[in-house]
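# Commentary on secondary and tertiary structure
What follows is each chain in one-letter form.
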Amino acid sequence: MASPCPDSHSEHTADEAILARLGYKQEFRRAFTPLEVFGVAFSIVGLLPSIASVLFNAMPNGGPLAMVWGVNLHIAFIMCIGLAMAELASAAPTSGGLYYWTHSLASPRCRNLLSWIVGCEYELPLQTRIELASVDWACAIQITAAVSIVSNQVYVTTNGQIYGIFAGLVLSHAILVSLGTQILARLQRLYILLNVCLCLIVIIALPIATPSEFRNSASYALGDFTNLDGWPSGFAFILSLLAPLWTIGGYDSSVHISEEASNATTAIPWAIVGSIAVSAVLGWGINVSLAFCMGSDLEGILNSPIGQPMAQIFYNSFGQKGALALWSLVIVAQYMMGSSCLLVGSRQTFAFARDGGLPFSQYFYRINRYTRTPVNTVWLDALLSLSIGLLAFASTQAINAMFTLTITSSYVSYITPIVTRFAFKNDFKPGPFNLGKLSFPVAAIAVSWMVFMNIIFFFPTTPQTTAQEMNYTVVVLGGFMSLAICWYYCPVYGGVHWFNGPVSNLVSVDKGQDDESTSEKTGKGEIVDVLIV
């Protein structure tokens, strides 16, 4: 029987040739199969735990109608975003992703600045660390909800206790993600299995277990509109769309493991599209099940002492022991989401350091000789996430504004390369995954929707708000963008003096350097050779 190794070797050779065409040498092991690449994106979506975290958005702004039908409206636009991203990923599968595409497609007059902004928005504090912090903070809250279930809803948590749990989660993720690429790749199969099984349990078992007093009629579950926050009904429904936007996010994550994936030009785009499609179907099923089984006292669910609406619904339907068992699986799935976030984030940070975009890039552009993973950037992201969590001691609004940036900053970063592809003259060459004549209309719909929803993200929860309850997302996002631009134009030390966008590291191959070393750039873009540590 013929061995599959030659085919695998030829795939890797082709992947390495494509990466070399993009300007980079192969430094990671290509251990992720197409299924495992999908697993990364699907686990970061983390469907059931994500829905659990955002019911606060949908339930008071439309109730069952928003939960069931809002996701259907929103998914068409999310798919357009995913398709536009998938085309770019197929054409240039590199860990640099968004800022690399921006630089390669924009005009030479502005490519460095645009690439810098996208890099700062997506690779620096706004995305890689905040996403991990938001996921692990939600996981910490879910753990305290489990304690509340055990205590018969008597336990009341504090920010200090949540932060302690949060810190333990982040540090454990850093240890896990420092392991070898093959271990991290195989774990994705477990993540897929658990997430799918968890979704099916809720879709099938919840309606069976729910007592009659909590079961809703079809007319209520599919058509009741409840507005609790005080916005006009039409705008309240628009605000409810933030829930599926939060839920089905992070689908671009597979892009950042492009250099560890086999057959990346097809595996990456299909992972993006597949994770959106599967999440849409299962997510709709979960929301329908919840709408039929949550009862009609929405205010009681939202103000439950457990602190999590979905946990209260499980408690009502399964009782204490059943709810605790199912909620424990939700926590495990959320934990898996956090590990995938750090996995992807460390690769983003590594790619930006490789191009000299970080302070002290020479220390972060390193591959551990034993695990063949960027351990330095793993721990950098983890430690910065811990510092972001400290904002909770300032105010709940402060940390929520920071967490909201995981979406708003992502959309700024998504919009930029999609627009530059069509706005400037460039030599864009589609990869195996392309939409042909539909590329422009799909991109136009995607960009329009992201601009619209980013504006919606800036509104407060209720129309009658105070300075303490105000949504400061626009201030924080604007502040970070202003700092990025000021840093770029700063005299002497600004990026305008040294940042040249993606820079090839193939020079080390020309020098005949052996496989135990890698080329690095310092913070000012010079290329130096540094041993793998």
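All of the points below concern the structure found in this document. The shown structure was predicted, so the numbers you read here are calculated from the model rather than taken from an experiment.

### Remarks on unusual backbone geometry
Phi is positive for Asn263, which is not a glycine, with a value near 55°. Look at Arg372: it is not a glycine, yet its phi comes out positive at around 55°. One can find Arg372 in the loop between helix H16 (361-364) and helix H17 (375-389).

### Concerning a nonpolar patch on the surface
On the surface, Trp69, Leu222 and Trp284 cluster together to form a nonpolar patch covering roughly 260 Å² of accessible area. Structurally, Trp69 can be placed in helix H4 (residues 63-91). Judged by relative accessible area, which is 36%, Trp69 ranks as partly exposed.

### Some details on the packing of helix H2 (residues 34-45) against helix H15 (residues 309-354)
Remark: H2 packs on H15, axes separated minimally by 8 Å, with the N-to-C direction vectors making an angle of 125°. On the basis of their axis angle, the class for H2 and H15 is oblique. The element H2 and its partner H15 pack so that their crossing is left-handed. Where H2 abuts H15, its residues Val40, Ser43, Ile44 and Val45 lie against Met337, Ser340, Cys341, Leu343 and Val344.

### Some remarks on the environment of Ala209
Looking at where Ala209 falls in the secondary structure, it is placed in helix H9 (residues 181-209). For the pair formed by Ala209 and Cys293, sequence separation is 84 residues and the distance between their alpha carbons is 9.1 Å. Once residues lying within four places of it in the same chain are set aside, the contact partners of Ala209 are Ser317 and Phe318.

### Observations regarding helix H5 (residues 97-105)
Burial analysis of H5 places eight of its nine residues in the buried class, which makes it a mostly covered element. All of the buried residues in H5 are Gly97, Leu98, Tyr99, Tyr100, Trp101, Thr102, His103 and Leu105.

### Points about the pattern of salt bridges
The tally for this structure, following the rule as stated, stands at seven salt bridges. Salt-bridge contacts for Glu27 lead to Arg354; the nearest nitrogen and oxygen are separated by 3.8 Å. Remark: Arg354 occurs in helix H15 and Glu27 occurs in the loop between helix H1 (5-21) and H2; sequence separation between them is 327 residues. For Glu27, a relative accessible area of 4% puts it in the buried group. Taking the relative accessible area as the measure of exposure, Arg354 reaches 1% and is therefore buried. Arg186 is the salt-bridge partner of Glu36, the closest N and O atoms lying 2.7 Å from each other. With Glu36 in helix H2 and Arg186 in helix H9, this residue pair connects regions lying 150 residues apart in the sequence. Overall, Glu36 belongs to the buried group, its relative accessible area being 0%.

### A few points about empty space enclosed by the protein
Throughout the structure, instances matching the rule amount to four cavities of 30 Å³ or more. Lining the largest cavity are 16 residues, with Val71, Ala243, Pro244, Thr247 and Asn287 positioned closest to its centre. Within the residue set of the lining of the largest cavity, elements represented by two or more residues are helix H3 (47-58), H4, helix H12 (242-247) and helix H13 (264-293). Considering only residue class, the lining of the largest cavity consists of 12 nonpolar, four polar and no charged.

About the criteria used
- Residues numbered from 1 in each chain as written.
- Predicted model: local features only at pLDDT ≥ 70, side-chain atom pairs only at ≥ 80, totals over all residues.
- Heavy atoms only, no water.
- Helix = DSSP H or I, 4+ residues; strand = E, 2+ residues; numbered from the N terminus.
- Patch = residues over 30% accessible without salt bridge, like charges linked within 9 Å, V, L, I, M, F, W, Y side chains within 5 Å.
- Areas by Shrake-Rupley, 256 points an atom, 1.4 Å probe, with all protein chains shown as cover.
- Salt bridge = Lys/Arg side-chain N within 4 Å of Asp/Glu carboxyl O.
- Buried < 20%, exposed > 50% of the residue type's maximum accessible area, 1.4 Å probe, protein only.
- Axes fitted to C-alpha atoms, helices over the stretch in contact; angles between N-to-C directions.
- Parallel < 35°, antiparallel > 145°, perpendicular 65-115°, else oblique.
- Left-handed = near helix turned anticlockwise from the far one by under 90°.
- Contact = heavy atoms within 4.5 Å.
- 1 Å grid on protein atoms, 1.4 Å probe; cavity = no way out; pocket = protein on both sides within 12 Å on 5 of 7 lines; lining within 4 Å.
- Points joined across faces, edges and corners; volume = space filled by probe spheres on them.
- Nonpolar A, V, L, I, M, F, W, Y, C, P; charged D, E, K, R; others polar.

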